[in-house]
Amino acid sequence: MPFWLPPPPRELVGGAEVSGGAHGAVEHRLLCVFALVFRKLVVTKEKEKKVGLYTIYVNPSNTHQFAVGGRDEYVRIYDQRKIDENESNGVLKKFCPPHLVNSDSKANITCLVYSHDGSELLASYNDEDIYLFNSSHSDGAEYIKRYKGHRNSTTVKGVNFYGPKSEFVVSGSDCGHIFLWEKASCQIVQFMEGDKGGVVNCLEPHPHLPVLATSGLDHDVKIWAPTAEAPTQLTGLKEVIKKNKRERDEDSLHHTDMYENHVLWVLMHHLQQRRHHRRRRDPGVGATDSDSDESLSSSDTSDDDEEGPDRMQCMPS
């Protein structure tokens with residue numbers, strides 16, 4: 001997959017200075033600058049095969065470097081000053097947990113993120129665990145920490161650091177909970193029900209305050225802050241971890257590369273739920289709206305909802 005490089009900040013500032021007019025004119029001219037200077041930087045490949053990308057993150061301490069992850073098991077780091085596609089496909093270095101290299105599990109990276117100072121990289125793998133890498137280590141170096149307990153299967157899960165010095169790791173889960181690990185010990189120190197719809201996907205900490213924003217399949221964004229007066233008891237944590245592990249093991253027996261089918265099914269199921277909710281709220285919804293919704297699914301019966309993604313026999317290309 002190609003990675004398109006945005007213009008340097010100084011080019012944007014130049015465009016704004018030239019405008020000298022109303023706000024709309026400034027926006028128009030900035031868009032023109034983008035259109036002129038965007039360029040394809042690199043195509044991510046493994047040997048000769050293109051790799052689809054799900055996640056890209058720029059190193060906060062060295063903005064020439066950026067990391068990408070997607071439809072294979074490798075975290076790739078590039079340096080835009082040193083990209084030569086004739087040498088290692090332009091990659092500066094690659095990281096991967098050893099047991100996932102050429103694994104039958106067909107691991108994908110759904111999200112990766114640098115720590116506050118760029119010294120570490122977190123990568124979350126679908127139906128696998130979260131791994132911490134030292135970004136200064138040499139090509140092929142092993143991970144330094146591993147975080148377990150959540151489940152990343154049915155949608156594209158985010159992962160993030162939390163704390164002013166990236167002291168914690170935070171992730172959503174298919175079980176609808178938010179997991180918070182202490183980075184150094186890999187111990188779960190907080191465990192919260194984050195989404196009644198069943199999945200927590202996105203987590204974004206405030207850049208300066210101890211506040212966290214999360215979202216998933218619910219219709220709202222939730223804001224979290226450490227206001228509890230009593231220590232957390234982590235009630236029910238062991239049962240949830242066991243359930244997540246059991247379901248992951250069961251799926252691994254009959255799913256090889258069904259990741260995108262799971263994503264598609266969950267999104268279709270969520271769209272059906274939203275349609276039902278809208279019809280209950282507004283019984284007079286027009287036929288045009290109903291017909292367009294019907295095109296999203298060949299059937300609106302409870303049988304389809306119950307059978308889930310196993311009905312989908314087409315493998316991802």
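About the cut-offs
Residues numbered from 1 in each chain as written. Predicted model: local features only at pLDDT ≥ 70, side-chain atom pairs only at ≥ 80, totals over all residues. Heavy atoms only, no water. Pairing = 2+ DSSP bridges. Helix = DSSP H or I, 4+ residues; strand = E, 2+ residues; numbered from the N terminus. Axes fitted to C-alpha atoms, helices over the stretch in contact; angles between N-to-C directions. Core = buried A, V, L, I, M, F, W, Y, C linked by side-chain atoms within 4.5 Å. Buried < 20%, exposed > 50% of the residue type's maximum accessible area, 1.4 Å probe, protein only. Contact = heavy atoms within 4.5 Å. Salt bridge = Lys/Arg side-chain N within 4 Å of Asp/Glu carboxyl O. pLDDT = per-residue confidence, 0-100. Phe/Tyr/Trp six-rings, centres within 6.5 Å; stacked < 30°, edge-to-face > 60°. Lys NZ or Arg CZ within 6 Å of the ring centre and 35° of its normal.

Colleague: Would you mind going over the sheet that holds strand 13 (residues 159–162) with me for this structure?
Modeller: Whether parallel or antiparallel, the strands of a sheet pair through hydrogen bonds between backbone atoms. Ordered by their spatial adjacency, four strands build an open sheet running 13-14-15-16, and the pairing between neighbours is antiparallel. If you trace the sheet from one side to the other, it starts and ends with strand 13 and strand 16 (188–193), each paired once. For this sheet, the mean angle separating the axes of adjacent strands, direction not counted, is 20 degrees. Relative to strand 16, strand 15 (residues 177–182) runs antiparallel, the two being bridged by five bridges. Following the sheet pairing, Phe 179 is matched in strand 16 by Phe 191.

Colleague: So what exactly am I meant to see when it comes to the sheet that holds strand 11 (residues 130–134) here?
Modeller: Pairing in this open sheet of four strands is antiparallel, and the strands run 9-10-11-12 from one edge to the other. Sheet topology places strand 9 (109–114) and strand 12 (145–147) at the edges, where each strand pairs with a single neighbour. In this sheet, neighbouring strand axes are inclined to one another by 20 degrees on average, regardless of whether the strands run parallel or antiparallel. Pairing between strand 10 (residues 120–125) and strand 11: five bridges, direction antiparallel. Within the sheet, the bridge partner assigned to Leu 122 lies in strand 11 and is Leu 132.

Colleague: What exactly am I supposed to notice about the nonpolar core here?
Modeller: In summary, soluble globular proteins display a tendency toward joint burial of nonpolar side chains. Membership of the largest hydrophobic core comes to 17 residues, with the highest contact counts inside it found for Val 75, Leu 112, Leu 121, Ala 123, Tyr 125 and Phe 133. Listing elements by their share of this core, those giving two or more residues are strand 7 (75–79), strand 9, strand 10 and strand 11. Beyond its immediate chain neighbours, meaning those up to four positions away, Phe 133 contacts Val 75, Phe 95, Cys 96, Pro 97, Ser 119, Glu 120, Leu 121, Ala 123, Ala 141, Glu 142, Tyr 143 and Ile 144. Of all hydrophobic cores here, the second largest spans 15 residues; its members include Ile 130, Val 159, Phe 161 and Trp 181.

Colleague: Sorry if this is basic, but what is going on with unusual backbone geometry here?
Modeller: What is expected of a backbone is that most residues other than glycine have negative phi and most peptide bonds are trans. The backbone of Ser 88 shows a phi angle near 55 degrees, a positive value even though the residue is not glycine. Within the fold, Ser 88 resides in the loop between strand 7 and strand 8 (93–95). Judged by relative accessible area, which is 54%, Ser 88 ranks as exposed.

Colleague: Hey, could you run me through the pattern of salt bridges in this one?
Modeller: Oppositely charged side chains are able to pair whenever their charged atoms sit close together. Per the counting criterion, the structure on display carries 16 salt bridges. Linking Arg 151 and Asp 127 is a salt bridge whose minimum nitrogen-to-oxygen distance equals 3.0 Å. Here Arg 151, found in the loop between strand 12 and strand 13, pairs with Asp 127, found in the loop between strand 10 and strand 11; they are 24 residues apart in sequence, far enough to count as distant. On the accessibility criterion, Arg 151 (5% relative accessible area) is buried. Notably, a salt bridge pairs Asp 220 with Lys 222, separated by 2.9 Å at the nearest N-O pair. Residue class for Asp 220 comes out partly exposed when judged on its relative accessible area of 39%. Taken together, the shared-partner salt bridges connect Asp 127, Arg 151, Lys 243, Glu 247 and Asp 251 into one network.

Colleague: Sorry if this is basic, but what is going on with the environment of Leu 203 here?
Modeller: Within the element layout of this structure, Leu 203 appears in strand 17 (residues 200–205). Placed 18 residues apart in sequence, Leu 203 and Val 221 show a C-alpha to C-alpha distance of 9.8 Å. Leaving out residues up to four positions away in the same chain, Leu 203 has contacts with Gly 158, Asn 160, Val 170, Ser 171, Gly 172, Ile 178, Leu 212, Ala 213 and Thr 214.

Colleague: Would you take a moment to explain the confidence of the model for the protein chain for this structure?
Modeller: Any segment with low pLDDT has predicted coordinates that should not be analysed in fine detail. When pLDDT is averaged along the protein chain, the result is 78, and 71% of the positions lie at 70 or above. Predicted confidence is poor over residues 8–36, with pLDDT under 50, and the contacts of this stretch with residues over four places away or in other chains come to 17 contacts. In the model, residues 286–317 has pLDDT below 50 throughout and makes 43 contacts with residues more than four positions away in sequence or in other chains.

Colleague: Quick question: what am I supposed to make of the packing of aromatic side chains here?
Modeller: Two numbers describe a pair of aromatic rings. These are the distance of the centres and the angle of the planes. One pass over the full model with this rule turns up eight aromatic pairs. Taken together, Tyr 147, Phe 179, Trp 181 and Phe 191 form an aromatic cluster joined through their ring pairs. When the ring centre of Tyr 74 is taken as origin, the NZ or CZ atom of Lys 94, which lies over that ring, is 4.1 Å away.

Colleague: Would you explain the pairing of strand 17 in this entry?
Modeller: The side chains of a regular strand alternate between the sheet's two faces. Pairing between strand 17 and strand 18 (residues 212–216): five bridges, direction antiparallel. Pairing of Pro 205 across the sheet is with Leu 212, part of strand 18. In textbook terms, the turn of a hairpin is the stretch between consecutive antiparallel strands, and for strand 17 and strand 18 this stretch comprises six residues.

Colleague: What is the right way to look at the environment of Lys 238 in this model?
Modeller: Mapping Lys 238 onto the fold places it in helix 3 (residues 237–254). C-alpha separation for the pair Lys 238 and Gly 149, spaced 89 residues apart in sequence, amounts to 8.8 Å.

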